[in-house]
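For reference, the chains in residue letters:
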Amino acid sequence: MAEFECRLKKYRQMNDLTQEQLAEKVGVRRETIMRLEKAQYNPSLKLAIDISRVVEAPIEEIFVFKQ
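In short, a report on the structure. (Residues numbered from 1 in each chain as written. Predicted model: local features only at pLDDT ≥ 70, side-chain atom pairs only at ≥ 80, totals over all residues. Heavy atoms only, no water.)

**Section: unusual backbone geometry**
Trans is the common state for peptide bonds, and a negative phi is the common state for residues other than glycine. Phi at Asp-16 takes a positive value of approximately 55°, unusual for a residue other than glycine. Within the element layout of this structure, Asp-16 appears in the loop between helix 1 (8-14) and helix 2 (19-26). Residue Glu-56 is not a glycine yet carries a positive backbone phi of 55°. (Helix = DSSP H or I, 4+ residues; strand = E, 2+ residues; numbered from the N terminus.)

This is the structure we're talking about:
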């Protein structure tokens, strides 16, 4: 299985957003953002796109899957 790295926290902080604020903007619970930042949860494509748009960074820079 591919290794998963999530750089969401870095991009969220660069946009001066709390986990709660980001969660509200993309329509999920804060716990989902927390689990994503800890690489404990793989986002759906829709959620990855929504997050990418909010933090203004390419999906492949936020969510990195290594083989």
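There's plenty left to go through after this.
**Focus on the environment of Val-64**
Among the structural elements, Val-64 can be located in strand 2 (residues 63-66). C-alpha separation for the pair Val-64 and Ala-39, spaced 25 residues apart in sequence, amounts to 10.0 Å. When residues no more than four places from it in sequence are discounted, the contact partners of Val-64 are Glu-3, Phe-4, Glu-5 and Arg-7. (Contact = heavy atoms within 4.5 Å.)

**Looking at helix 2**
Buried residues of helix 2: Gln-19, Leu-22, Ala-23 and Val-26, and no others. Projected down its long axis, helix 2 carries its buried residues within an arc of 100°, all on one side. Across from the buried face of helix 2, at angles greater than 90 degrees, the exposed residues are Glu-24 and Lys-25. Considering only its buried residues, helix 2 is in contact with helix 1, helix 3 (30-37) and helix 4 (45-55). With its phi angle positive at about 80°, Gly-27 sits one or two positions after the end of helix 2. (Buried < 20%, exposed > 50% of the residue type's maximum accessible area, 1.4 Å probe, protein only. Arc of directions from axis to C-beta.)

Any functional reading would require information beyond the geometric quantities listed.
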